Amino acid sequence: MTITENIQAVRQSIADACARVGRDPQTVTLIAVSKTSPVEAIIEAAAAGVQHFGENRVEEAEWKIPAVAAQRSTGVNWHMIGHIQSRKAKDVAPLFQVIHSVDTFKLAQKFSALGVERQAPLEILLEVNVSGEEAKHGFAAANWSSDSAVKDALWEQLIQLVALPGLRLRGLMTMAPIVEDAEQARPVFASLAALRQAIQESFKITLPDLSMGMTDDYPVAIEEGATLVRVGRAIFGERNK
Ligand SMILES: *Cc1c(COP(=O)(O)O)cnc(C)c1O
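Heads up: these notes are all about the structure in this document.

Calculation criteria
Residues numbered from 1 in each chain as written. Predicted model: local features only at pLDDT ≥ 70, side-chain atom pairs only at ≥ 80, totals over all residues. Heavy atoms only, no water. Near = heavy atom within 4 Å. Polar contact = N/O pair within 3.5 Å; in protein donor to acceptor, adjacent residues only side chain to side chain. Nonpolar A, V, L, I, M, F, W, Y, C, P; charged D, E, K, R; others polar. Pairing = 2+ DSSP bridges. Helix = DSSP H or I, 4+ residues; strand = E, 2+ residues; numbered from the N terminus. Right-handed = clockwise from strand over helix to strand, strands pointing away. Buried < 20%, exposed > 50% of the residue type's maximum accessible area, 1.4 Å probe, protein only. Contact = heavy atoms within 4.5 Å. Core = buried A, V, L, I, M, F, W, Y, C linked by side-chain atoms within 4.5 Å. Axes fitted to C-alpha atoms, helices over the stretch in contact; angles between N-to-C directions. Parallel < 35°, antiparallel > 145°, perpendicular 65-115°, else oblique. Left-handed = near helix turned anticlockwise from the far one by under 90°.

Glancing now at the site of the ligand. The ligand sits among Val33, Lys35, Ile81, Met175, Met214, Thr215, Arg230, Val231, Gly232, Arg233 and Arg239. One of the side-chain nitrogen or oxygen atoms of Arg233 is found 2.8 Å away from an oxygen atom of the ligand. In the environment of the ligand, an oxygen atom lies 2.8 Å from a nitrogen or oxygen atom belonging to the side chain of Arg239. Considered class by class, the residues forming the shell around the ligand number five nonpolar, two polar and four charged.

Pasting the structure below:
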């Protein structure tokens with residue numbers, strides 16, 4: 001299968017998942033996760049109509065994004081999806097249109113300051129750890145709906161976060177646990193969707209986006225409300241370790 005054929009297959013399963021739950025496929029944006037893939041592969045995906053790409057390492061993005069831009073000047077948007085060290089925030093901001101992996105208040109503050117400085121808010125999502133896995137980054141939110149201490153601690157940070165002037169908060173992002181069967185990830189996606197709802201109601205804000213779902217589980221994520229799916233291997237093939 002070529003990259004172009006893979007993209008057609010992914011688009012078809014996005015449409016199928018939408019049809020199962022009565023969603024308009026236009027409400028789901030495909031982000032092709034191009035980490036470790038070469039520039040030519042990205043150019044092929046862009047030629048096949050993909051307009052959004054995800055990278056997870058600043059060092060890789062620093063050479064790859066300009067290299068892609070040199071070959072294709074329009075219609076390519078970059079999403080940062082990987083963990084960001086605080087001191088790298090200033091390098092991330094100018095490279096990416098959307099940052100999904102804002103996982104601490106401190107990092108949000110850094111990006112806000114950069115947004116104020118450049119007089120254009122940064123588009124961000126908050127990475128939330130709803131599964132409770134220890135190895136995962138993100139704002140702690142395991143059992144947020146039943147454990148009031150978890151919710152209170154999260155809300156305390158959100159009160160300060162929503163007031164930051166240099167950010168446009170687009171929504172929430174999560175990574176589901178790696179499981180045998182995608183169905184097992186469904187409660188994690190449902191929990192993120194419910195958390196978005198609760199935040200919107202509490203803070204009287206609109207969070208348009210839910211970034212959730214990868215190669216192994218994006219149809220389930222779409223059924224639970226994902227608006228941004230981050231798909232790597234199903235498009236570019238298995239990554240070399
Ligand atoms: C690598 C990665 C993806 C894509 O994973 P695939 O299994 O290749 O689809 C999605 N999100 C994040 C944060 C990633 O690091």
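Here strand β1 (residues 29-33) runs beside strand β2 (residues 52-55); their pairing, made up of two bridges, is parallel. Of the residues in β2, the one forming a bridge with Val33 is Gly54. Taken together, β1, helix α2 (residues 39-47) and β2 form a β-α-β motif whose crossover is right-handed. In this fold, β2 hands off to helix α3 (residues 58-71), which returns the chain to strand β3 (residues 77-80); that crossover is right-handed.

Looking at where Ser34 falls in the secondary structure, it is placed in the loop between β1 and α2. According to the relative accessible area criterion, Ser34 is buried, its value standing at 0%. The contacts of Ser34, once residues within four sequence positions are left out, are Ile42, Phe53, Gly54, Glu55, Glu60, Lys64, Trp78 and Phe236.

Of note in the backbone geometry, Gln119 takes a positive phi value of approximately 60 degrees without being a glycine. Along the polypeptide, Gln119 turns up in the loop between α5 (105-118) and β5 (122-129). For Gln119, a relative accessible area of 75% puts it in the exposed group. One non-glycine residue with positive phi stands out, namely Asn143, at about 55 degrees.

So, about the nonpolar core. The biggest cluster of nonpolar side chains holds 77 residues, and the ones touching the most others in it are Phe53, Phe111 and Leu195. Sorting elements by how many residues they give to this core places helix α7 (residues 186-203) first, with eight residues. Beyond its immediate sequence surroundings of up to four residues, Phe111 is in contact with Ile84, Ala89, Val92, Ala93, Ile99, Val102, Leu122, Gly166 and Leu167. Within the second largest apolar cluster, five residues are counted, among which are Ile31, Val98, Leu125 and Leu228.

The next subject is the packing of helix α1 (residues 3-21) against α2. The interhelical angle for the contact between α1 and α2, taken along N-to-C directions, is 50 degrees, at an axis separation of 9 Å. Relative to α2, the element α1 lies oblique. The hand of the α1/α2 crossing is right-handed. Contacts between α1 and α2 involve Ile3, Thr4 and Ile7 from the first element and Ala41, Glu44 and Ala45 from the second.

Geometry only, nothing functional implied.
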